[in-house]
Amino acid sequence: MPSRSGLAELPLESRRTFGVAMIGYAFMGKAHSNAWRNVASFFDVPAFEQKVLVGRDAGAVAEAAARYGWAESATDWQTVITRDDIDIVDICAPGWMHAEIAIAALEAGKHVLVEKPLANTLAEAELMTAAAAKARARGVQSMIGFNYRRVPALALARELIAEGRLGTIRHVRAAYLQDWLGDAQAPMTWRLRRKTAGSGALGDIASHAIDQIQFLTGESILEASGVLKTFVTQRPGPDGLEDVTVDDAAWATFWLTGNIGASVEASRVATGQKNSLQIEVYGTKGALTFDLENLNELRFLDATAPVREQGFRRILVNEPEHPYLEAWWPQGHIIGWEHTFTHQVRDFLLAIRDGTQPSPSFEEGLNVQYVLDAVEESAANKSTLTVVRH
Ligand code: SOE
């Protein structure tokens, strides 16, 4: 007999309240916490509780937990991921910790969201992907946080490209430029050590551009050639000057399935550029341009219009018809960078509820990792062409 609430007819995953644990509480932990805190105010998502925030410094993590809306804090992630009241583990710790935590959490039957890039090394990324495939067979989901897929303007760009509005895509230009390392006196951080970060601008920000190129076109990168450069080779560390062991900037050209060419330029020393992810897509029937510093806008040129009327027009991607925007404010009340993480958590929760694979999957994260590896190999060998493994 049907229950009065109707809840009994819903699959188990829709009825329960998911317990969420987050590992890491720095910049990304703050951005993800903000998303967990706000998502249910705007989107219909399954019930969840922000149970526990985990970090190494007991005092600092307790303070962050109270500020970001977590019920409690802890310092031992191993204990937290085996708790019965934890169903979801969100990993915002540095890249060198991703593999160990993600694999343990998946094996413990927890759904896992992990920040990009998937891992610091290919070997770790492959192990994580294998663990994700095994867990998926048991109904346990996993996702990598390429959050820019959830910028409404970029989601719209993908739709327009898939609908054929640009015709056959010929080439894509992407640049991700920042300047927070422009000052040669900027101190050492874990992001500048190969051991803890894997690579520099390449893994940190070119990875977003590489993901976008494949996401927008729906095609895969087959061949790469790249150059990496460290302009500031030593920086002040806790014990004096320390060698920087990752790149400050990266350049790469790619060839994709579908006969598409692409280029990526990524820098953390591009003076004056703060967080500028610029993407241009050129097809036989039209073109699109986007800049993250104006993330509510997409520029579209329809080359099928009469020539005398042609020109790039600005689409203010802020209508209820646009991806994700029905949930937000009335038209013209623009949204920001942090909303991409809210959309990410929304999509992750819905996939868990529905028992479907969220995207981007660990496989997609591994695919980006193969491209990063090919760029590094090409740069190291000064080779003009390196075939991307898949
Ligand atoms: C630092 O360069 C950083 O925070 C990246 O790690 C993020 O992925 C990017 O979104 C913003 O910049």
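Keep in mind the model is a prediction, meaning the values are calculated, not measured.

**Some points on the overall build of the protein**
In step 1: The number of helices and strands found in the protein is 11 helices and 17 strands.
In step 2: Here the C-alpha atoms of the protein give a radius of gyration of 21 Å, agreeing with the 21 Å that 2.2 N^0.38 yields for 390 residues.
In step 3: For the protein, the spread of C-alpha atoms along the principal axes amounts to about 65 × 60 × 40 Å.
In step 4: Going through the 390 residues of the protein one by one, you find that 54% of them count as buried.
In step 5: Sequence separation of at least 24 residues holds for 68% of the intrachain contacts in the protein that already meet a minimum separation of 6.

**Digging into the site of the ligand**
In step 1: Neighbouring residues of the ligand: Phe27, Met28, Lys116, Tyr148, Tyr176, Gln178, Trp180, Arg191, Asp204, Ile205, His208 and Asn275.
In step 2: Tyr148 is positioned such that a nitrogen or oxygen atom in its side chain is 2.6 Å from an oxygen atom of the ligand.
In step 3: At a separation of 2.4 Å, an oxygen atom of the ligand approaches a polar side-chain atom of Asp204.
In step 4: For the ligand, the protein covers 94% of the area, taking 300 Å² as the surface of the free molecule.
In step 5: If you list the elements that add at least two residues to the shell around the ligand, you get helix H2 (27–42) and helix H9 (201–217).

**Some details on the pairing of strand S9 (residues 234–237)**
In step 1: Sheet topology places S9 next to strand S10 (residues 240–243); 4 bridges connect them, and they run antiparallel. Each residue of the ladder has a partner; that of Pro236, found in S10, is Leu241.
In step 2: With antiparallel pairing between neighbouring strands as the criterion, S9 and S10 make up a hairpin whose turn holds 2 residues.

**Quick look at the side chain of Ser361**
In step 1: Within the secondary structure, Ser361 sits in the loop between helix H10 (339–354) and helix H11 (362–381).
In step 2: For Ser361, a relative accessible area of 7% puts it in the buried group.
In step 3: Excluding anything up to four places from it in sequence, Ser361 contacts Arg136, Ser142 and Ile144.

**Section: the sheet that holds strand S13 (residues 276–283)**
In step 1: Overall, mixed pairing links the 9 strands, which are arranged S16-S15-S14-S13-S7-S12-S11-S8-S17 in an open sheet. Where the open sheet ends on each side, the last strands, each with one partner, are strand S16 (313–316) and strand S17 (386–387).
In step 2: Pairing between strand S7 (residues 169–177) and strand S12 (residues 260–267): 7 bridges, direction parallel. Following the sheet pairing, Val172 is matched in S12 by Ala262.
In step 3: The strands touched by H11 within the sheet are strand S8 (221–229), strand S11 (249–256) and S17, with S8 carrying the most contacts at an inclination of about 55°.

**A word on the side chain of Ser378**
In step 1: Topologically, Ser378 is positioned in helix H11.
In step 2: Each residue touching Ser378, except ones within four places of it in the same chain, is listed here: Ala224, Ser225, Gly226, Ser383 and Thr386.

**Quick notes on the packing of helix H6 (residues 122–136) against H11**
In step 1: Direction vectors running N to C along H6 and H11 enclose 165°, while the axes themselves pass 9 Å from each other. Taken together, the axes of H6 and H11 are roughly antiparallel relative to one another. The two elements H6 and H11 meet at a crossing, and its hand is left-handed. Here Leu122, Ala125, Glu126, Met128, Thr129, Ala132, Ala133 and Arg136 of H6 come into contact with H11, specifically with Phe362, Glu363, Leu366, Gln369, Tyr370 and Asp373.
In step 2: When its residues are assigned to classes, the contact of H6 with H11 shows 8 nonpolar, 2 polar and 4 charged.

**A closer look at the nonpolar core**
In step 1: Counting 114 residues, the largest nonpolar core has Trp36, Met128, Phe254, Leu298, Leu349 and Phe362 as its most contacted members.
In step 2: In terms of residue count, H9 provides more of this core than any other element does, 9 residues in total.
In step 3: When residues of this core are assigned to domains, at least three map to each of domain 1 (7–147) and domain 2 (148–335 + 361–386).
In step 4: Filtering out sequence-adjacent residues up to four positions away, Met128 remains in contact with His98, Ala99, Ala102, Ile103, Leu106, Val114, Leu118, Ala119 and Phe362.
In step 5: Leu181, Leu192, Val244 and Val246 belong to the second largest nonpolar core, which has 7 residues in total.

**With respect to the environment of Tyr370**
In step 1: Examined against the element boundaries, Tyr370 turns out to sit in helix H11.
In step 2: Given a relative accessible area of 10%, Tyr370 falls into the buried group.
In step 3: If we ignore the near neighbours within four places in the chain, the residues touching Tyr370 are Leu122, Glu126, Val388, Arg389 and His390.
In step 4: Side-chain polar atoms of Tyr370 contact the side chain of Glu126, separated by 2.6 Å.

**Describing the sheet that holds strand S6 (residues 142–145)**
In step 1: Strand order in this open sheet of 6 strands is S3-S2-S1-S4-S5-S6, and the pairing throughout is parallel. Each having just a single partner strand, strand S3 (72–74) and S6 make up the two edges of the open sheet. Geometrically, the sheet is characterised by an average inter-axis angle of 20° between neighbouring strands, direction not taken into account.
In step 2: Bridge count between strand S1 (residues 18–23) and strand S2 (residues 48–54): 6 bridges; the pairing is parallel. The partner of Ala21 across the bridge, within S2, is Val52.
In step 3: Lying on the sheet, H2 is in contact with S1, S2, strand S4 (88–91) and strand S5 (111–115); it crosses S2 at an angle near 165°.
In step 4: Lying on the sheet, helix H3 (residues 58–68) is in contact with S2 and S3; it crosses S2 at an angle near 160°.

**Details of the packing of aromatic side chains**
In step 1: The tally for this structure, following the rule as stated, stands at 8 aromatic pairs.
In step 2: For the ring pair Trp36 and Phe48, a centre distance of 5.1 Å and an interplane angle of 70° mean the geometry is edge-to-face. Taken together, the residues Trp36 in helix H2 and Phe48 in strand S2 connect sequence positions 12 residues apart. In this pair, the class of Trp36 matches that of Phe48, namely buried.
In step 3: Clustering of aromatic rings is evident, with ring pairs tying together Phe42, Phe43, Trp328 and Trp329.
In step 4: Above the face of the Phe231 ring, Lys229 is positioned so that its terminal group lies 5.9 Å from the ring centre.

The rules behind each value
Residues numbered from 1 in each chain as written. Predicted model: local features only at pLDDT ≥ 70, side-chain atom pairs only at ≥ 80, totals over all residues. Heavy atoms only, no water. Helix = DSSP H or I, 4+ residues; strand = E, 2+ residues; numbered from the N terminus. Rg over C-alpha atoms; globule rule 2.2 N^0.38 Å. Buried < 20%, exposed > 50% of the residue type's maximum accessible area, 1.4 Å probe, protein only. Contact = heavy atoms within 4.5 Å. Near = heavy atom within 4 Å. Polar contact = N/O pair within 3.5 Å; in protein donor to acceptor, adjacent residues only side chain to side chain. Areas by Shrake-Rupley, 256 points an atom, 1.4 Å probe, with all protein chains shown as cover. Pairing = 2+ DSSP bridges. Axes fitted to C-alpha atoms, helices over the stretch in contact; angles between N-to-C directions. Parallel < 35°, antiparallel > 145°, perpendicular 65-115°, else oblique. Left-handed = near helix turned anticlockwise from the far one by under 90°. Nonpolar A, V, L, I, M, F, W, Y, C, P; charged D, E, K, R; others polar. Core = buried A, V, L, I, M, F, W, Y, C linked by side-chain atoms within 4.5 Å. Domains from an automatic or database assignment. Phe/Tyr/Trp six-rings, centres within 6.5 Å; stacked < 30°, edge-to-face > 60°. Lys NZ or Arg CZ within 6 Å of the ring centre and 35° of its normal.

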